Amino acid sequence: MRGLHADTGYLLYRLGLRSGQLFNTFLQESGLRLRHYAVLRFLAGSEGSLQRELSARLGYDPSAIVGLVDDLERLGFAERRPSPDDRRSRIVVLTGAGRAFLRDTDEAGQRVTNELLIPLDPAERATLHALLLRVADRP
């Protein structure tokens, strides 16, 4: 039987857990969690998104997306608007307050990443990032 540290999938799982713990600790003061942050970051790169698209792109259950967007709306970080393409649908858009929150968290988020990747030099970090992008971008 091989050891857990010989299993790349397990190591990725552990790294993900540690990253989530660090980031959730950082976000705790704002009342948000990493899942909220992921929705905000996704919205920051778009002109708005249908909730079902958020669910598909982020890999979250559709019912979880509803609750996350409700929380973000309550904080004024996102809002639902009628879709210009389908009046029955609503798109979720980032508000100015949501953009400001993301700007304010950029530096702290970088500190979390730096703490997580402290054993790696800058070239190794760039290589890790490029490799993870290749794996993550697969359909």
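Everything numeric in this text was worked out from a predicted model, so none of it was measured.

This next bit is on the overall build of the protein. Scanning the protein from N- to C-terminus turns up six helices and three strands. Tracing the protein from N to C terminus, the helices and strands come up as α-α-β-α-α-β-β-α-α. For the protein, the spread of C-alpha atoms along the three principal axes comes to 55 × 30 × 25 Å. Taking all 139 residues of the protein together, 28% fall into the buried category. Contacts spanning at least 24 positions in sequence make up 46% of the contacts within the protein whose residues lie at least 6 apart. For the protein, the exposed area adds up to about 9,600 Å²; of that, 54% sits on carbon and sulfur atoms. In the protein, the 20 positive side-chain charges and the 18 negative ones have mean positions that sit 3 Å from each other.

The tally for this structure, following the rule as stated, stands at four aromatic pairs. Pairing Phe23 with Tyr37 gives two aromatic rings, centres 4.7 Å apart and planes at 50°, and the pair type is tilted. Of this pair, Phe23 sits in helix H1 (residues 8-27) while Tyr37 sits in helix H2 (residues 34-44), and the two are 14 residues apart along the sequence. With relative accessibility at 8%, the residue Phe23 sits in the buried group. The interplanar angle of 25° and the centroid separation of 4.9 Å between the aromatic rings of Phe77 and Phe101 together place this pair among those described as stacked. Of the two residues, Phe77 is situated in the loop between helix H4 (62-75) and strand S2 (78-82) and Phe101 in helix H5 (residues 96-116); the sequence distance between them amounts to 24 residues.

Another point: the layout of surface pockets. If you roll a probe as big as a water molecule over the atoms, it shows you where there is empty space left. Looking at the largest pocket, its volume works out to about 780 Å³. Every residue lining the largest pocket is counted, 23 residues in all, and those nearest its centre are Leu15, Ser19, Thr113, Leu116 and Leu132. Here the element with the most residues in the lining of the largest pocket is H1; it accounts for eight residues. Of the residues assigned to the lining of the largest pocket, the class counts are 14 nonpolar, seven polar and two charged.

It is worth spelling out the pattern of salt bridges at this point. Within the structure shown, the criterion is met by eight salt bridges. Here Glu107 and Arg111 are joined by a salt bridge, their closest N and O atoms 3.3 Å apart. Taken as a pair, Glu107 and Arg111 lie in helix H5 at a separation of four residues, close to a single helical turn. Judged by relative accessible area, Arg111 falls into the partly exposed class, the value being 49%. Counted as one network, the salt bridges with shared partners bring together Asp70, Glu73 and Arg80.

Bringing the sheet that holds S2 into the picture now. Hydrogen bonds between backbone groups are what pair the strands of a sheet, and the pairing can be parallel or antiparallel. Reading across from one edge, S1-S3-S2 is the order of the three strands in this open sheet, with antiparallel pairing throughout. Lying at the two open borders of the sheet, with one neighbouring strand each, are strand S1 (49-50) and S2. As defined by bridge partners, S2 adjoins strand S3 (residues 90-94) across five bridges and the pair is classed as antiparallel. Across the sheet, the residue bridging to Arg80 is Val92, located in S3. Against the sheet, H4 makes contact with S2 and S3, and its axis sits at roughly 110° relative to S2, the strand it touches most.

Thresholds applied
- Residues numbered from 1 in each chain as written.
- Predicted model: local features only at pLDDT ≥ 70, side-chain atom pairs only at ≥ 80, totals over all residues.
- Heavy atoms only, no water.
- Helix = DSSP H or I, 4+ residues; strand = E, 2+ residues; numbered from the N terminus.
- Buried < 20%, exposed > 50% of the residue type's maximum accessible area, 1.4 Å probe, protein only.
- Contact = heavy atoms within 4.5 Å.
- Areas by Shrake-Rupley, 256 points an atom, 1.4 Å probe, with all protein chains shown as cover.
- Lys, Arg positive; Asp, Glu negative; His and termini not counted.
- Charge placed at Lys NZ, Arg CZ, Asp CG, Glu CD.
- Phe/Tyr/Trp six-rings, centres within 6.5 Å; stacked < 30°, edge-to-face > 60°.
- 1 Å grid on protein atoms, 1.4 Å probe; cavity = no way out; pocket = protein on both sides within 12 Å on 5 of 7 lines; lining within 4 Å.
- Points joined across faces, edges and corners; volume = space filled by probe spheres on them.
- Nonpolar A, V, L, I, M, F, W, Y, C, P; charged D, E, K, R; others polar.
- Salt bridge = Lys/Arg side-chain N within 4 Å of Asp/Glu carboxyl O.
- Pairing = 2+ DSSP bridges.
- Axes fitted to C-alpha atoms, helices over the stretch in contact; angles between N-to-C directions.

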